[in-house]
Every structure is written in structure tokens, then in C-alpha cells.
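# Understanding the architecture of this molecule
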Amino acid sequence: MLFVLILISSVQCDTCGQNRNALGNWFQSHGSPNLLLEPIPGLVSIVTSNPYDDPNNPPVSPGGFCAMKWSNVTDETSGYKKYFLRNFPTEDAAKRSNYSITHKGHCGSCSTLQDLGVYMRQNLTTPVRKCGLKSSISFDSDKKLKECLLDLGFSEMCTSIWAYNVKNTKKECFWTCMWSYARNEPFNKPDGSLNNCLQCDEDKSGPNFKYFSGRTRRNSGIPSSIKRPADQFYSMEHCYWYGRL
């Protein structure tokens with residue numbers, strides 16, 4: 001199996017040649033869910049109940065592509081443009097409607113441009129792991145977990161599914177991951193496969209997270225320090241900012 005490892009640097013193809021931090025910060029500040037215009041795709045919302053409690057989850061993904069388009073309407077407070085998110089069956093269908101693909105697969109809780117910015121400017125594996133560990137030793141662990149995720153810059157919608165994901169991975173993979181952390185294991189084994197902790201997270205938490213979040217680093221063309229099979233990575237560019245970075 002062919003594996004790819006694309007390390008995050010300040011400038012790469014997914015950023016259209018722009019500085020990663022600058023472009024990520026721009027999308028985070030200009031892509032708030034408050035700037036979304038109706039109709040908003042159904043899964044672009046706060047996940048209000050734990051999807052891991054229902055053994056029938058996740059539903060079958062409709063596939064397709066999540067795309068965005070800037071409007072001519074500006075927010076009175078920030079002066080930023082408002083925008084649309086919409087599901088399309090194909091890339092060509094999105095282009096014919098003058099939309100820009102923002103990730104492969106249907107739109108979900110992390111499909112806003114704010115969350116794109118957070119994904120783009122940093123490798124999230126270690127920061128999210130730290131949020132889980134910090135919240136574990138807190139009296140009000142759920143509140144602390146969400147506060148930590150919000151501090152990373154995530155929208156409230158995206159924070160909701162990340163929090164459920166972290167809690168489920170802790171439930172299903174705790175000792176496997178503690179052993180991995182204690183041994184300071186690299187993300188990938190010598191043969192390119194995931195270490196046991198990441199594989200447990202992929203198997204036990206990944207399917208629901210992918211469905212409800214919509215956006216992942218892999219389906220947004222965003223590089224990661226985790227080596228993945230090449231067929232899991234959607235190569236794309238995020239060239240749809242306006243004005244100055």
C-alpha cells in the first residue's frame with residue numbers, strides 16, 4: 001500500500017503559495033459561522049447529542065463535495081463578507097454554480113471557514129491530545145475540554161463533535177494510548193501503519209467523527225505529520241480569500 005507523508009511547512013500547495021499561518025488566521029477571522037447565509041446544510045450545526053451512544057451511527061455518507069461562495073452581503077459589525085456553504089454531487093457541479101470546493105465529502109459541523117483556518121495553521125494531533133489530558137484531571141472535565149478546544153480557535157459547532165470524539169477515544173482506547181504516550185511512540189510504525197493508539201482512535205471514533213464533522217485534514221488537502229494511505233488524501237488548494245492576508 002502506498003503511504004504519503006506531507007509535513008506541515010509555512011508554504012505548501014494547499015495554501016496557494018501563501019504563508020500557512022497568515023492564510024489560516026485569515027480564514028479563521030473571516031469564516032465565522034455567524035457569517036453563514038441560508039440555506040445552511042443540515043449537518044452544519046452543533047452536535048447536541050453524543051453520536052457514539054447510538055450503535056446505528058454513523059449513517060451512510062452521501063459523499064459529494066462541500067463548497068463555498070462569497071456573497072455581496074457584508075456583516076454590519078465586522079465588515080466581513082457573508083458566505084454560503086452547499087453540498088454538491090461533483091466538483092464540476094460546484095464549479096458550474098460558481099462555488100469553490102472547501103473539502104471532499106458532505107458539509108458538517110467543522111466545514112466553516114473558521115475551522116478550515118484552525119486546521120490549516122497547525123498540526124492538531126498533539127494540541128487536541130493535550131486538551132483531552134488536561135480535562136481528565138479537572139473536576140468539570142466536559143467544560144474544561146470544550147474550553148480548551150475553543151481556545152484552539154474552533155467554532156462552537158466543530159468543538160461539539162471534537163469533544164465527543166475525544167471522550168469516546170478516552171473511553172475506548174485509554175490504556176492503549178497511555179502505553180503509547182509513555183513509550184513516546186511515533187505516529188507511524190516502521191511499515192507506515194498507524195501506531196496502536198491512533199489506529200484505535202481511527203477505528204473506534206473515526207467513522208462518527210468524519211460523518212458529523214464533515215471536514216478533516218485529509219479531505220481538505222491539509223498536510224499532517226501522520227502518514228496516511230495515499231487514497232485517503234484529497235489534493236486541493238484553498239485559493240478563495242479576498243483582500244489582503
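Residues numbered from 1 in each chain as written. Predicted model: local features only at pLDDT ≥ 70, side-chain atom pairs only at ≥ 80, totals over all residues. Heavy atoms only, no water.

## Examining the confidence of the model for the protein chain
- On average, residues of the protein chain carry a pLDDT of 91, and 93% of them reach 70 or more.
- Throughout residues 1-11 the model reports pLDDT below 50, and contacts reaching past four residues in sequence, or to other chains, amount to 41 contacts. (pLDDT = per-residue confidence, 0-100. Contact = heavy atoms within 4.5 Å.)

## With respect to the nonpolar core
- By size, the foremost hydrophobic cluster in this structure holds 40 residues, and its most contacted members are Tyr119, Leu149, Phe154 and Trp162.
- Mapped by element, the contributors of at least two residues to this core are α1 (20-30), β2 (65-74), β3 (81-88), α3 (113-121), α4 (125-136), α5 (141-151), α6 (156-182) and α8 (206-213).
- Per-element tally for this core: the top contributor is α6, with 7 residues.
- Apart from the residues within four sequence positions on either side, leucine 149 is in contact with Val128, Cys131, Phe154, Thr159, Trp162 and Ala163.
- Membership of the second largest hydrophobic core comes to 9 residues, among which are Phe65, Phe88, Ile101 and Met236. (Core = buried A, V, L, I, M, F, W, Y, C linked by side-chain atoms within 4.5 Å. Buried < 20%, exposed > 50% of the residue type's maximum accessible area, 1.4 Å probe, protein only. Helix = DSSP H or I, 4+ residues; strand = E, 2+ residues; numbered from the N terminus.)

## Overview of the pattern of salt bridges
- The full count for this structure, using the stated rule, is 7 salt bridges.
- Across the salt bridge formed by arginine 183 and glutamate 185, the nearest N and O atoms sit 3.4 Å from each other.
- Take arginine 183: its relative accessible area is 52%, and that puts it in the exposed class.
- A network of salt bridges, in which partner residues are shared, links Glu202, Lys210, Arg218 and Arg228. (Salt bridge = Lys/Arg side-chain N within 4 Å of Asp/Glu carboxyl O.)

## Things to note about the side chain of serine 111
- Structurally, the position occupied by serine 111 is in the loop between β4 (100-104) and α3.
- Here serine 111 falls in the buried class, since its relative accessible area comes to 0%.
- Side chain to side chain, serine 111 and histidine 103 meet in a polar contact 2.7 Å long. (Polar contact = N/O pair within 3.5 Å; in protein donor to acceptor, adjacent residues only side chain to side chain.)

## Quick notes on the packing of aromatic side chains
- By the definition in use, this model includes 13 aromatic pairs.
- Measuring from ring centre to ring centre gives 4.9 Å for tryptophan 26 and tyrosine 242, while their planes differ by 85 degrees; the resulting arrangement is edge-to-face. Residue tryptophan 26 is found in helix α1, and its partner tyrosine 242 is found in the segment after β5 (224-229); the two are separated by 216 residues along the sequence.
- Classification of tryptophan 26 by relative accessible area gives buried; the value is 4%.
- Among the aromatic residues, ring-to-ring pairing joins Trp26, Phe27, Trp70, Tyr83, Tyr240 and Tyr242 into one connected group.
- When the ring centre of tyrosine 242 is taken as reference, the NZ or CZ atom of lysine 81 above it lies at 4.8 Å.
- For the cation-ring pair, arginine 86 lies above tyrosine 99, with the distance from its terminal atom to the ring centre recorded as 5.8 Å. (Phe/Tyr/Trp six-rings, centres within 6.5 Å; stacked < 30°, edge-to-face > 60°. Lys NZ or Arg CZ within 6 Å of the ring centre and 35° of its normal.)

## Observations regarding the sheet that holds β4
- Spatial strand order, β3-β2-β4: 3 strands in an open sheet with antiparallel pairing. The two strands at the open ends of the sheet, each matched to only one other strand, are β3 and β4. Pairs of neighbouring strands in the sheet enclose a mean axial angle of 30 degrees, with direction left out of account.
- Pairing of β2 with β4, which is carried by 4 bridges, proceeds in the antiparallel orientation. Counterpart to methionine 68 in the pairing with β4 is serine 100. (Pairing = 2+ DSSP bridges. Axes fitted to C-alpha atoms, helices over the stretch in contact; angles between N-to-C directions.)

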